[in-house]
Structures are given as C-alpha cells and as structure tokens.
Amino acid sequence: MFDAAQQEVVGGHADDGRIAVLLIVPSLRRAGAETQVVDLVNALDPDRFAIHLCAFEADIALLERVAADRVTFHHPRRRSKYDLGYVRAIGRIIDAHAIEVVHCTLQFSLLVGWLARGYARRRPSLVAALHTTLNRGRKEELQDRLLYRWLLRAAARVIFVSSIQSEYWCRRYPFLEDRSTIVYNGIDLAAKPVDAAGTLGASFRAAAGIPDDAFVIACIAGFRPEKGHRFLIQALAGLPEDCYLLLAGDGETRSLIEGAVSRAGLGDRVHFLGIVADVWPVLAAADVSVLASTAVETFSIAMLESMAAGLPMVASRIGGMEEAVTDGETGLLLPPGNTAALRDALVLLHGDRHLARRMGQAGRARVERDFTVERMAHTTAAVLVEAREQVA
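The paragraphs below set out a description of the structure included in this document. Within any chain, residue numbers begin from 1 and follow the written order of that chain's sequence. pLDDT decides what is reported in this predicted model: residues at 70 or higher carry local features, side-chain atom pairs at 80 or more are listed and counted, and totals for whole chains, interfaces and linings draw on all residues regardless. Only hydrogens and water are set aside when side-chain values are computed; all heavy atoms of the structure are taken into account.

1. Some words on the pattern of salt bridges
So the rule is basically this: The term salt bridge refers to a side-chain nitrogen of Lys or Arg lying within 4 Å of a carboxyl oxygen of Asp or Glu. Helix numbering and strand numbering both begin at the N terminus, where a helix is a DSSP run of H or I of at least 4 residues and a strand a DSSP run of E of at least 2. With a 1.4 Å probe rolled over the protein chains alone, any residue whose accessible area is under 20% of its type maximum counts as buried; one over 50% counts as exposed, and the rest are partly exposed.
Summed over all chains, the structure comprises 22 salt bridges. Between Asp 39 and Arg 65 there is a salt bridge, with the nearest N and O atoms lying 2.4 Å from each other. Linking Asp 39 in helix 1 (residues 32-43) with Arg 65 in the loop between strand 2 (49-54) and strand 3 (71-74), this pair joins segments that are 26 residues apart in sequence. The class for Arg 65 is partly exposed, based on a relative accessible area of 35%.

2. Examining the sheet that holds strand 9 (residues 243-248)
Stated formally: Following DSSP output, two strands are said to pair if at least two bridges run between them. Lines are fitted to the C-alpha atoms to define the axes, a helix being fitted only along its stretch in contact, and any angle between axes, read from their N-to-C directions, falls within 0 to 180 degrees. Residue contacts are defined here by distance: any two heavy atoms, one from each residue, within 4.5 Å place the two residues in contact.
Taken in spatial order, the six strands make up an open sheet running 10-9-8-11-12-13, and their pairing is parallel. Taken across any chain shown, the strands that pair with only one partner, and hence form the sheet edges, are strand 10 (270-274) and strand 13 (331-334). Sheet twist, expressed as the average angle between the axes of neighbouring strands with direction ignored, equals 20 degrees. For strand 9 and strand 10, the ladder comprises four bridges, and the chain directions are parallel. Looking at the pairing, Leu 245 lines up with Val 270 of strand 10. Here helix 7 (residues 229-236) sits on the sheet and contacts strand 8 (215-220), strand 9, strand 10 and strand 11 (288-291); the angle it forms with strand 9, its principal contact strand, is near 165 degrees.

3. Topic: the packing of aromatic side chains
Two aromatic rings, taken as a pair, are described by how far apart their centres are and by the angle between their planes. Where we set the bar: Any Phe, Tyr or Trp ring, taking Trp's six-membered ring, that has another such ring centre within 6.5 Å forms a pair; planes under 30 degrees apart are called stacked, those over 60 apart edge-to-face, and the others tilted. For a ring to carry a charge above it, either NZ of a lysine or CZ of an arginine must fall within 6 Å of the ring centroid while also lying within 35 degrees of the normal to the ring plane.
Going through the model one piece at a time under the given rule, you end up with nine aromatic pairs. Measuring from centroid to centroid gives 6.5 Å for Phe 160 and Trp 169, while their planes differ by 35 degrees, and the two rings are tilted. Judged on exposure class, the residue Phe 160 and its partner Trp 169 are both buried. Members of the aromatic cluster, connected to one another through ring pairs, are Phe 160, Trp 169, Tyr 173 and Phe 175. Directly above the aromatic system of Trp 150 lies the positively charged group of Arg 149, at a separation of 5.1 Å from the ring centroid. Over the ring of Phe 175 we find Arg 153, and its NZ or CZ is 4.0 Å from the ring centre.

4. A look at the environment of Leu 147
Structurally, Leu 147 can be placed in helix 4 (residues 138-153). Residues Leu 147 and Gln 107 lie 40 residues apart in sequence; the distance between their C-alpha atoms is 9.7 Å. Leave out the neighbours within four places in its chain, and Leu 147 touches Leu 111 and Leu 142.

Encoded structure:
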C-alpha cells in the first residue's frame, strides 16, 4: 500500500522491453472515472507495460487501492489555477522514465498531457479517454469547441466508454471516427463476490436500524441536479412504508434533497450515507438499485457495481444505460424525469421479489460476460500498443 505522503514509488523503466505508459488523471477522488483508472492500472499486464500513474490535484483518496508493486505513482501538485510547475514536472517524468504513450483520462488531463509533452524532449503518443457525453453547461461546451476539439486532433487514439457516446462525439467531430475505440468500463469481480449468504447485507441493515424484511432501495450517485434525486424522493413517497432508501454520495444538492425528505415525512426511511469508501455493503443490503438521472450519464460505474452485486437496475433510458441494462431482463429502463414510471417500477419489484432476484442474477451474469476489469484492461492494452506505433 502507498504512503499517502509519498510522491513517487520506484518502478519499471522502458529499457527492459516493456512499453512505458503514463496514465494521467486530475485526482484520485472517489468517483467513477477515477475508480476506473485505478482498476485499469492494477489490471494492466506488468510484463508488457511499465505502468506510471500521475495525479496532480490534492485529493488522492483512492491511492490506497493502487497496486504499489506494479505501478509507479507520481503526484506533482497543482498549487493554483495558473500554476504550470506541475506540467513541467510531468514533462520531466516523461523524459526520466522514457514514456512512450500518455493516456489521459478526462478532457483536462488531455490538456495537461499535451502541454507536458511540449516541455519534454520525448514525443510520446497521446491517448484520450473521454467519460462525458453531453456537457453540463455553456462553459464546458465552449471549452470543447474552442480547445478540446483541437487537442483531440493531437491524440493518436481516442477511447469512448459506450457506443452512444462514441456516436455522439463522432457526429460532432467526424475526424474522430478513424481514431476512436470503445472500451467499456469494467468491474473487478474477484474483489466483489455476491453476498450469497446475506451476512454482509444483514449486518449493514442491523447497523442502520432497517428491518430484515424491508424492501431496500440503493442509489449510488453524487448529489447534482442531473442525478434526479428529487424524482426518487417523490417516488418513495408513494411506496409502501416497508420501503427504505440508502443514498450514498455527496454534493451541491444534498441539502435540498434533505429538505425534500423532511417535508415529505420520510426521514425515518431515508439514510444519507455521505461519501462511502466501499459501496459493496450498501449494495449487499439493498434489493434494487436506482439511477434516476436526467442527463450526462455515459456508462455508469455505479450501474455496473449494482449489477455485479446481483441487484436489478432501475434506471433512466439515457446515455449508455441500455448498453448494459436490458429492459425487462436485467432491470427496468424508464423515461428520465418521470416520477410515476419510477414509482411503478419500484412497486412492481417490491411486489415480486422473485422477479427482482431473477433480474439481479441476470445482471451479474451480464457483467461477468461483458464488463470485467480484465476485459477492460485487455482492450485498453491493444489501444496503447496501437498508439505507440502511431505518430500523433
């Protein structure tokens, strides 16, 4: 395990025949894209790749999950908005470790990687891994049009995490078609066995004061307007009193949702868990998982974790949801922002626990087949090899 104060751990170099790759992500905060990067570096083959991971923001909470015996971690800190010292430091990392491919997760990392390459003597290929589809506001849209569309031209390969995301970006910028690849997010199933005996879930329920026979709904999502928490609270108000809700996450709209829960008289049935380091006990305690998003879902890690936990997934038909959730088989897909449809879906699963279990089992099987971390790492490895052979 890494020491959180450690700036760098000595790792492999490119002179041993491996491909030296540097993966850049702004932070290691507990969030979807960041979790995916950590799982990726841990799963890449260390016999093929000398693996370096770089974060430059202060939050490195996920560092404890990085495999210290196979990954070299670098943490040049960004001190201010206009600080370029950390960019120059990444340029030195590129030269010192003979980096051949720079893999950049999220658009801002692509900017940092492109700038750092300008400070380096070497010219490694750039790979951009995008996790967004629709932008949340006008500022991000302008950044895409005025800056990132040109930076993407410098990338040898561009990774998308769902087909619908790839189609959206390629319609906007047709030059992406000949350099794009879909790499679905993956789950480390070895670290996430289904709670077959129910002991983990039972312990969580007991600690939370939730009855054993209650119907428990989990929602793993940051508190932001597009996550649709208000629709979930409205739906819960129309469900039987043995229905409980677990909300894992934090964010700007939490106080508004807490107020809505209080006004609806649901305080005894809704548990605000905050940011949870390990969501597995939460999912083990649940009967169903819900993502009521109204925008900006691309290919949710929370969705995959819920399916891997053997839960039926109730989700908005948005983004890449239907690339993983088969309506009526592994869960239920609903029109976004439709409280009545959400309530009806939960009433159906509440009344038919056998159906809920059957959907959950089918969801777990789907993850085992298509969305494992091993499959994600294998596909990404092929992209890294292709990028190394190209001149960006």
